[in-house]
Each structure stands twice: as C-alpha cells, then as structure tokens.
Amino acid sequence: DVDDPADGRAMPRIEGQIELDEVGFEYEEGVPVLTGIDLTIEPGQTVALVGPTGAGKTTIAGLIARFYDATEGEVRIDGIDVRSVTQQSLRSQMGLVPQDPFLFTGSVRDNIRFSQPVKSDTDVEAAARYANAHEFITLLPEGYDTQVMEGGANLSLGQRQLICIARAVLADPRILLLDEATASVDTVTEVLIQSALDRLLEGRTSVVIAHRLSTIRHADLICAVDGGRIVQRGTHEELLAAGGLY
C-alpha cells in the first residue's frame, strides 16, 4: 500500500517535467519488474512506451502516478520526489485513460463530471464535443441524462472510452497517462478516439502506452521496453533506421 508521508506537502502546480532516476521495482521481493530505468520527459513532451506484454510499460506509468513506490531510485515531477507529496495533490493534476474504461452507475453527465463536480452542464458538453463524444451522447435515449448501467453495459467499449476521454478533458490535467487507449476498438471508433487524443495531448506532458503505430508514430520520443529495461529510444524514424526490437 502507498501512504502519504507524515510531513507530506501539497504538490505545487505541475509544470510537467518527469524524471525516473535509476528506478527499479519489484511486486515480489527478489523478482524485479523494472531495472535501472533512466528517463527524462520535458514539459509538453509526448513519450510513447512500446514493447511486448509484461515488459513493464504499465508499471512505469503506475510509478509516475504513485500507484506504487519505486523499490530503487526516485521518481520526480518538477524535481520533487513523488513520495514527498500527498497523493491527492499529485493525482488531481493527472489524467488517466486506461485500456478498459471504467464508468460508474449514474448518468453520462455525472460520469464526465466525476472528478470535477462543480463544473457546469455547458462545460460538460464542451468537454464531450472536444472528445468526439457529443454526437453519440445526444442519440442516447435521454442524452446526457441517460443512466449508465453497471460497468457501462449499455454502452459500447468505444463509447465508454470516449466518455473517459471527455472526463479527462474536463479535468484539464497537467500530466496525461494513456494505457492502450485504442487497443480494443473498431477502426471507425479508433479514428474518433485518436482524433480526440491528439487534441488532448497538445501542450501536456503525456506518457502513451500503445501497440498501434497510429497512436505513437508522432511521439516526441519512443522508448522500447523489454524485460523491465529501456532497450531503445528515439523517434519513429530513428528507431526504424536502427533496427532492433522496435
């Protein structure tokens, strides 16, 4: 379990630099998942993590959000060790769009507004338009007031993902973590999601985990992860020219 430090302070407004300094991590003692991860992401950069299943990509993102604490080394945001600040002050400035979008029982409107309950209906609709979700929401039986069934069972996977993106838009995060956000959707929905993500990524520090080339080819930096280590790094063109895992 991750706990706030006794003297934990609030994370100041995040500018967006992320540093992983010789980071190692073990879920079980003696079984390393990450080893010697050195990575600096500058404010506003988009960095993609690619590699086989189980390579450690999602764990890297989890350490940035402090879902876990590094076993070795430090994870810093704007030069501040993430273990020294309160979790709420850190995560309230982050957005997460996971592979399996999670919706809560309640209306579509409430789901978009989940982390920002004081936002107006106008703000909610603007976020949905930004996320390419407004059109399908207006076609639902009660529009934004349509009740979401448990687990979002009355919506398609792509629709649930677009609502999660709208939720992230409304939160206006300083750092964005995307974990296989287009992995399980059809091609038409992927275009809508990718268009929304391109807008959402603009001007934010973003860590993108993906297998689909369309999601990562324009990243500022691509890191190929294998066996818990970063084995290659560069742009799409540089890595293609270099050969190797990528």
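Above this text is the structure in question.
Residues numbered from 1 in each chain as written. Predicted model: local features only at pLDDT ≥ 70, side-chain atom pairs only at ≥ 80, totals over all residues. Heavy atoms only, no water.

Section: the packing of aromatic side chains
This model, assessed by the stated rule, comprises five aromatic pairs. A centroid spacing of 4.2 Å and a plane angle of 15 degrees characterise the contact between Phe-104 and Phe-114, whose relative ring orientation is stacked. A residue pair is termed long-range when its members are at least 10 positions apart, and Phe-104 in the loop between strand E6 (94-97) and strand E7 (106-107) and Phe-114 in the loop between helix H3 (108-112) and helix H4 (121-130) qualify at 10 residues. Note on Phe-104: relative accessible area 29%, which makes it partly exposed. The ring of Tyr-130 is capped by Arg-199, whose NZ or CZ atom sits 5.4 Å from the centre of that ring. (Phe/Tyr/Trp six-rings, centres within 6.5 Å; stacked < 30°, edge-to-face > 60°. Helix = DSSP H or I, 4+ residues; strand = E, 2+ residues; numbered from the N terminus. Buried < 20%, exposed > 50% of the residue type's maximum accessible area, 1.4 Å probe, protein only. Lys NZ or Arg CZ within 6 Å of the ring centre and 35° of its normal.)

Points about helix H7 (residues 187-201)
Given a rise of 1.5 Å per residue, 15 residues ought to cover 21 Å, and the 20 Å separating the end C-alpha atoms of H7 matches this to within 8%. Burial in H7 covers these residues: Thr-189, Glu-190, Ile-193, Gln-194, Ala-196, Leu-197, Leu-200 and Leu-201. Projection of H7 onto a plane perpendicular to its axis shows the buried side chains occupying an angular sector of 170 degrees, all on one side. Facing away from the buried side of H7 by over 90 degrees, the exposed positions are Val-188 and Val-191. Where H7 is buried, its residues meet strand E3 (46-50), H4, helix H6 (157-171), strand E9 (175-179), strand E10 (205-209) and helix H8 (213-216). One or two residues past the end of H7 sits Gly-203, with phi positive at roughly 80 degrees. (Expected span 1.5 Å × (residues − 1). Arc of directions from axis to C-beta. Contact = heavy atoms within 4.5 Å.)

A closer look at the pairing of E3
The element E3 is largely enclosed, with a buried count of five among its five residues. Here E3 shows two buried faces, one formed by Thr-46, Ala-48 and Val-50 and the other by Val-47 and Leu-49. Direction of pairing for E3 relative to E10: parallel, over a ladder of four bridges. The residue of E10 that forms the bridge with Val-47 is Val-207. Both E3 and strand E11 (residues 221-226) contribute to a ladder of four bridges, which runs parallel. Each residue of the ladder has a partner; that of Val-50, found in E11, is Ala-224. (Pairing = 2+ DSSP bridges.)

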